Amino acid sequence: MGASHISNRSEQQSARWSRRGVLTALGAVPAVVLTGCSSAGASEDDTTKAAASGVASASATKRPTITVSPADGTKKADFASPVEVTVTDGTLASVEVTGNDGSTLAGSLNDAKTKWTSTKNPYSGTKYTVAATAQGASEQTSTFTTKAPGETFVGYFTPEANTTSGVGMPVSLNFTHAVADRAAVQKAITVTAEPAVEVVGHWFSDTRLDFRPETYWASGTTITLSLRLKDVEGSDGVYGVQSKDVTFHIGREQISTVDLSTKEMVVKRDGATHATYPVSGGDSDHTTWSGIMVISERFKQTRMESSTVGLGDEYDISDVPHAQRLTTSGTFVHGNYWASTGVFGHQNTSHGCVGLHDTKGANDTSVPGYKFYDSSMLGDVVIVKNSGEKTVEPSNGLNGWNMSWANWKAGSAI
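Residues numbered from 1 in each chain as written. Predicted model: local features only at pLDDT ≥ 70, side-chain atom pairs only at ≥ 80, totals over all residues. Heavy atoms only, no water.

1. What about the nonpolar core?
Here is step 1: Core analysis: the largest hydrophobic core is formed by 32 residues, its most contacted members being Val 171, Phe 175, Val 185, Ile 189, Phe 211, Leu 225 and Leu 229.
Here is step 2: Within the residue set of this core, elements represented by two or more residues are strand S12 (171–175), strand S13 (189–194), strand S15 (208–212), strand S16 (222–228), strand S19 (243–250) and strand S23 (291–294).
Here is step 3: The contacts of Val 171, once residues within four sequence positions are left out, are Thr 158, Val 191, Leu 209, Asp 210, Phe 211, Ile 223, Leu 225 and Phe 248.
Here is step 4: Residues Met 265, Tyr 277, Ile 295 and Val 384 belong to the second largest nonpolar core, which totals 17 residues. (Core = buried A, V, L, I, M, F, W, Y, C linked by side-chain atoms within 4.5 Å. Buried < 20%, exposed > 50% of the residue type's maximum accessible area, 1.4 Å probe, protein only. Helix = DSSP H or I, 4+ residues; strand = E, 2+ residues; numbered from the N terminus. Contact = heavy atoms within 4.5 Å.)

Below, the structure is given as structure tokens:
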């Protein structure tokens with residue numbers, strides 16, 4: 001019984017201490033939790049870190065967004081600005097821009113690889129497909145079509161493609177619309193030669209641009225004219241349309257010198273005398289231009305009327321044989337069947353042209369008119385001296401050789 005009583009007191013005391021222990025422990029909980037929060041890891045810092053980690057994770061899962069300018073589906077896009085491709089939330093891996101004409105637009109990325117810009121502007125009147133890929137994402141495509149230009153111009157060129165000309169033939173372009181921005185147009189045109197030689201352009205007017213080297217082309221030269229005028233704004237709102245390469249060739253060298261004091265023409269082929277012909281030049285009232293002239297047109301037979309050169313009704317000959325044009329104003333070297341054979345080599349009796357004895361019908365192979373015509377080609381040089389007339393203007397025909405190299409280069413816009 002005593003043992004039982006002692007046990008009971010002990011249990012009661014134990015129970016009392018147990019309750020105080022519990023209360024003491026409960027009272028200590030807040031301090032333990034705060035201490036734990038500041039040092040153990042499962043606290044506010046951990047919560048903040050977890051939240052930040054969640055934001056970073058969410059950001060990492062954002063998909064790259066690609067934007068193209070001009071926008072997808074644009075029907076009349078501007079062709080005077082480059083194509084741009086940008087990406088947000090990523091970097092660009094590749095960009096390809098292809099036109100329905102088979103052309104492509106090259107471009108470059110910025111340092112961050114978030115923006116691609118085409119090196120050149122798109123062409124007018126062309127549908128483009130843009131294929132862009134962001135790093136780690138699938139390819140995205142868009143299309144746009146550029147508008148057509150309102151007004152256009154072209155450059156008609158001499159000589160014709162794939163022809164062979166004499167050593168004096170310049171590359172001459174005549175534009176269908178006056179050019180205001182000469183520098184922009186000239187930069188879009190290049191003339192190169194093989195063997196290489198410096199070739200410079202010279203503006204004779206706002207519609208004519210010629211190219212030549214310092215001296216005559218070398219025999220056998222291949223010349224390439226590269227036109228990149230498409231969408232070049234030559235004047236306000238007027239755009240070029242040509243984008244092509246043209247090649248032509250230079251043949252043997254033939255230079256003919258007409259001395260109207262002796263009434264003789266000496267033809268030299270590659271430096272050696274090829275032929276000598278008696279001639280008749282312009283009389284004292286109709287003197288022949290002097291200077292370096294280039295054959296720009298050739299006709300087996302042609303009509304010549306004095307009214308077309310400001311001489312009224314002095315002559316009208318329907319079948320002038322073997323006529324080769326030297327100036328725009330109407331100077332030719334041609335055959336003459338209506339004058340006495342005694343004129344040639346002795347008198348200057350023409351209205352300004354250089355004449356050689358010939359026969360009607362242009363088929364007699366034995367006469368000087370036929371022989372000289374048969375030996376000639378477009379671009380051959382004819383030099384006239386001692387004519388009593390001043391030197392022909394460089395713009396009067398293809399006769400820019402009468403201008404010094406320094407003055408020629410001064411007429412370039414670039």
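Continuing now.
2. What about the sheet that holds strand S3 (residues 92–99)?
Here is step 1: With antiparallel pairing, the four strands of this open sheet are ordered in space as S4-S3-S7-S8. With partners counted over all chains shown, the strands left at the sheet margins are strand S4 (104–105) and strand S8 (140–145), one partner each.
Here is step 2: Pairing geometry for S3 and strand S7 (residues 127–134), over seven bridges, is antiparallel. Along S7, the bridge assignment pairs Thr 98 with Thr 129. (Pairing = 2+ DSSP bridges.)

3. Details of the packing of aromatic side chains
Here is step 1: The final tally for this structure, using the stated rule, is eight aromatic pairs.
Here is step 2: Summarising the aromatic geometry, the rings of Phe 153 and Phe 175 are spaced 6.0 Å apart at their centres and angled 80° between planes, so their arrangement reads as edge-to-face. Taken together, the positions of Phe 153 in strand S9 (residues 151–153) and Phe 175 in strand S12 put the pair 22 residues apart, joining distant regions of the chain.
Here is step 3: According to the relative accessible area criterion, Phe 175 is buried, its value standing at 6%. (Phe/Tyr/Trp six-rings, centres within 6.5 Å; stacked < 30°, edge-to-face > 60°.)

4. Regarding the sheet that holds strand S14 (residues 200–205)
Here is step 1: The antiparallel open sheet is built from four strands, whose spatial order is S10-S12-S15-S14. Where the open sheet ends on each side, the last strands, each with one partner, are strand S10 (155–158) and S14. On average, each strand axis in the sheet is inclined to that of its neighbour by 20°, with strand direction left out of account.
Here is step 2: As judged from the five bridges shared by S14 and S15, these two strands associate in the antiparallel manner. Counted as the bridge partner of Gly 201 is Phe 211 from S15. (Axes fitted to C-alpha atoms, helices over the stretch in contact; angles between N-to-C directions.)

5. A look at the pattern of salt bridges
Here is step 1: All told, the structure shown has nine salt bridges when counted by the stated rule.
Here is step 2: Linking Asp 245 and Arg 228 is a salt bridge whose minimum nitrogen-to-oxygen distance equals 3.1 Å. Taken together, the residues span a long stretch of sequence, with Asp 245 in strand S19 and Arg 228 in strand S16 at a distance of 17 residues.
Here is step 3: Take Asp 245: its relative accessible area is 46%, and that puts it in the partly exposed class. (Salt bridge = Lys/Arg side-chain N within 4 Å of Asp/Glu carboxyl O.)

6. A short note on the side chain of Ser 103
Here is step 1: Residue placement: Ser 103 occurs in the loop between S3 and S4.
Here is step 2: Ser 103 gets classed as buried once you look at its relative accessible area, which sits at 17%.
Here is step 3: Engagement of the side chain of Ser 103 in a polar contact is seen with the side chain of Asp 101, the distance being 2.6 Å.
Here is step 4: Ignoring sequence-local partners within four residues, the contact set of Ser 103 consists of Val 97, Thr 98, Tyr 123 and Tyr 128. (Polar contact = N/O pair within 3.5 Å; in protein donor to acceptor, adjacent residues only side chain to side chain.)

7. Considerations on the environment of Ser 172
Here is step 1: In this fold, Ser 172 is placed in strand S12.
Here is step 2: Since its relative accessible area comes to 2%, Ser 172 is described here as buried.
Here is step 3: Along the primary structure Ser 172 and Phe 211 are separated by 39 residues, whereas in three dimensions their C-alpha atoms are 6.4 Å apart.
Here is step 4: Residue contacts for Ser 172: discarding those within four places in its chain leaves Tyr 156, Phe 157, Thr 158, Arg 208, Leu 209, Asp 210 and Leu 398.
Here is step 5: Within the structure, the side chain of Ser 172 is placed 2.6 Å from the side chain of Asp 210, a separation counted as a polar contact.

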